[in-house]
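Listed here are the chains, written in short residue letters.
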Amino acid sequence: MSLDHHGIALVQRSLAKLRAELPPGDTRFYENLFRRDPDLRRLFRDDLAGQGMRFMSTLALITDALTTPNTLGAELTRLAKGHRAMQVPTSAYGPMGDALFETFREVLGQAFTAETEEAWRTAYAMIAAQMIARGDAPLGSR
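Residues numbered from 1 in each chain as written. Predicted model: local features only at pLDDT ≥ 70, side-chain atom pairs only at ≥ 80, totals over all residues. Heavy atoms only, no water.

Judged by nonpolar contacts, the single largest core of 45 residues is most densely connected at L33 and W120. Looking at this core, the elements with two or more residues in it are α1 (5–21), α2 (28–36), α3 (48–64), α4 (69–85), α5 (93–108) and α6 (114–135). With residues up to four places along the chain from it excluded, the contact list for W120 reads V11, S14, L15, L59, T63, L100, F101, F104 and F112. (Core = buried A, V, L, I, M, F, W, Y, C linked by side-chain atoms within 4.5 Å. Buried < 20%, exposed > 50% of the residue type's maximum accessible area, 1.4 Å probe, protein only. Helix = DSSP H or I, 4+ residues; strand = E, 2+ residues; numbered from the N terminus. Contact = heavy atoms within 4.5 Å.)

What follows is the structure, encoded as structure tokens:
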């Protein structure tokens, strides 16, 4: 699973648009996530607005690093270790991706094209697979 330069540009531009459209502290991603899998709520602190701002900043850092494999690898290793410490199961990555894509569709509407969604699906699958491998995440258990 590989993402070409065009796909990377689509991912980076669409995230920049999303961040510009979302008000600070927006919790829409988490609402979408917990609707899909309410059990995941236990993994997050009460301050979802602050968590959401950190999530978007981290997502920007990761997408910016898509063109620099060493930087990307180091960041994914750091994140993966944190996810492992919080006991994030591998089964959480699917609903998280789906909630992210739903958030893009809600906020960007038609600007979140099929081509952009496909680029995101490729990027997300690659990122999730690397985080699972680097963090030795627990399998689907909760």
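Next comes the rest of the account.
Turning next to the environment of Q51. Checked against the element boundaries, Q51 lands in helix α3. Expressed as a C-alpha distance, the spacing of Q51 and Y30, which sit 21 residues apart in the sequence, is 9.3 Å. Leave out the neighbours within four places in its chain, and Q51 touches Y30, F44 and R45.

Evaluated as defined, the whole model comprises nine aromatic pairs. Relative to Y30, the ring of F29 has its centre 4.9 Å away and its plane inclined at 75°; by these criteria the two rings are edge-to-face. With respect to class, F29 is no different from Y30; both count as buried. One aromatic cluster is present, formed by F29, Y30, F34, F44 and F55 through successive ring pairs. (Phe/Tyr/Trp six-rings, centres within 6.5 Å; stacked < 30°, edge-to-face > 60°.)

A positive phi angle, near 60°, is found at Q87, a position not held by glycine. Residue placement: Q87 occurs in the loop between α4 and α5.

Another point: α5. The first and last C-alpha atoms of α5 sit 22 Å apart over 16 residues, in line with the 22 Å expected at 1.5 Å per residue. In terms of burial, α5 is a largely internal element, twelve of the 16 residues being buried. What α5 keeps buried is the set Y93, P95, M96, G97, A99, L100, F101, E102, T103, F104, V107 and L108. Following α5 by one or two positions, G109 adopts a phi angle in the positive range, close to 60°. (Expected span 1.5 Å × (residues − 1).)

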